[in-house]
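Next come the chains, spelled out residue by residue.
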Amino acid sequence: MKHFVFTFVVLISLMAPSPASAQQYASRRNGEIVVLEDTKNQTTVSILPAVGNIVFSMKVKGQDILRWPYASVEAFKGQPALSGIPFVGPWANRLDEQAFYANGKRYAFDMDLGNVRGAIPIHGFLSTTDQWQVVEVKADAKSAWVTSKLEFFKQPIWMKQFPFAHTIQITHRLQDGVLEVLTKITNMSAEPMPVAVGFHPYYKLTDSTREEWTISVGARKHWKLAATKIPTGETEPIENFFTNPQAAALKEYDLDDVFSDLVRDAQGRAHMLVKGKHQQLEIVLGPNWRSIVIWSPNPTATGRSGQGGQSDPNFIAFEPMAGITDAMNLAHKGLYKELQSIPPSGTWDASFWIKPSGF
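Rules behind the numbers
Residues numbered from 1 in each chain as written. Predicted model: local features only at pLDDT ≥ 70, side-chain atom pairs only at ≥ 80, totals over all residues. Heavy atoms only, no water. Helix = DSSP H or I, 4+ residues; strand = E, 2+ residues; numbered from the N terminus. Buried < 20%, exposed > 50% of the residue type's maximum accessible area, 1.4 Å probe, protein only. Contact = heavy atoms within 4.5 Å. Areas by Shrake-Rupley, 256 points an atom, 1.4 Å probe, with all protein chains shown as cover. Lys, Arg positive; Asp, Glu negative; His and termini not counted. Charge placed at Lys NZ, Arg CZ, Asp CG, Glu CD. Pairing = 2+ DSSP bridges. Salt bridge = Lys/Arg side-chain N within 4 Å of Asp/Glu carboxyl O.

Looking only at helices and strands, the chain has five helices and 25 strands in total. The buried share of the chain, taken over its 359 residues, is 50%. Taking contacts inside the chain between residues at least 6 apart in sequence as the whole, the part at least 24 apart equals 66%. If you sum the accessible surface of the chain, you get close to 15,900 Å²; carbon and sulfur atoms cover 51% of it. One way to put it: in the chain the 35 positive side-chain charges average out to a point 4 Å from where the 34 negative ones average out.

Pairing is antiparallel across the open sheet formed by nine strands, whose spatial order is β9-β10-β11-β12-β25-β21-β20-β15-β18. Taken across any chain shown, the strands that pair with only one partner, and hence form the sheet edges, are β9 (133–139) and β18 (248–249). Here strand β10 (residues 144–151) pairs with strand β11 (residues 166–175) via eight bridges, running antiparallel. Looking at the pairing, Thr 147 lines up with Thr 171 of β11.

This part covers the pattern of salt bridges. Under the counting rule described, the total for this entry stands at eleven salt bridges. One salt bridge in this structure joins Lys 333 and Asp 96, with 2.6 Å as the shortest N-O distance. With a gap of 237 residues between them, Lys 333 in the loop between α5 (327–332) and β24 (340–342) and Asp 96 in the loop between β6 (87–88) and β7 (99–102) connect regions that are remote in the sequence. Look at Asp 96 and you get partly exposed, because its relative accessible area is 21%. Residue Glu 234 is joined to Lys 224 by a salt bridge in which the shortest nitrogen-to-oxygen separation is 3.4 Å. Of this pair, Glu 234 sits in strand β17 (residues 231–237) while Lys 224 is found in strand β16 (residues 219–225), placing the two residues ten residues apart along the sequence.

Tracing the backbone through its elements, the reader meets Lys 204 in the loop between β14 (198–199) and β15 (214–217). A residue is classified by how much of its surface remains accessible, and Lys 204, at 26% relative accessible area, is partly exposed. The sequence separation of Lys 204 and Gly 334 amounts to 130 residues, and the corresponding C-alpha distance is 37 Å. Beyond its immediate stretch of four places on either side in the chain, Lys 204 contacts Asp 64, Ile 65, Leu 66, Arg 67, Trp 213, Leu 281 and Asn 314.

In structure tokens, the structure reads:
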């Protein structure tokens, strides 16, 4: 009888899932914040759907790899600006006029509405919107994730500026210490919709300063820019810009530059890297991210400072872009050949991944 009981206990213990595997991933709401956790890799991601669906923190073993210069969520809500990992749309980066072109037509902005500003409109008007709706917050044995949706077509002030009815869905998924950001756009219009969206992530390392970082850029082309930071249409080999694209000393560069013809691996993914003393972040772009903008102002350059007047230079923005800066308008002029579009009732999706190591 004792032998039977012992055998039964052993069998039950073997069949039961281990506590570590059962509890590796968790997702939860903490007020307005959605938190994703990977306990095995000691990684926690915090997202604020109520302000642009922005990922404002990604901590790896207690070290935050995102630049988010706010004392609290309330301070951020009171004066939101680009930081963390914001989505930018319906266009990313700059346009060369107060209008965009699609399907051979010119669509002029109504500047009196106030959501588009400047002679060179930049980063659309969605980055800090409060209209994101959380669809799902879940975790299983493989990952933790949150999916949120933005119904662009419901907002008259948005449709006035960019009259293509569509929805945007973003899933943030934490798996094996890696954060995937998956974007899916559905075109509800009767005409093809140009895709010129992107993200503007602000990354940092905590074991060193910008002066000590090196970067690797998986691209072949560097776009020459006008004084307005708009591509002229002329490109050059990346080696003409970075002496060593695989190990460029960041302190030698003042970056606000556009790169394309990304170097792809067997899965069609492109790789960017920033390295410190031991820490590193690998940024991996899926096939539909066709361009990367790298922004990291050099504090030694005249008049340079961080975004929004912030003086901390210790960050780098690897910005996944569906197309280069001013893609829609340069495509209309015949200077850009890779503009993507979504057919009526069609969808477009793209992922990028953030892989920390050395923490």
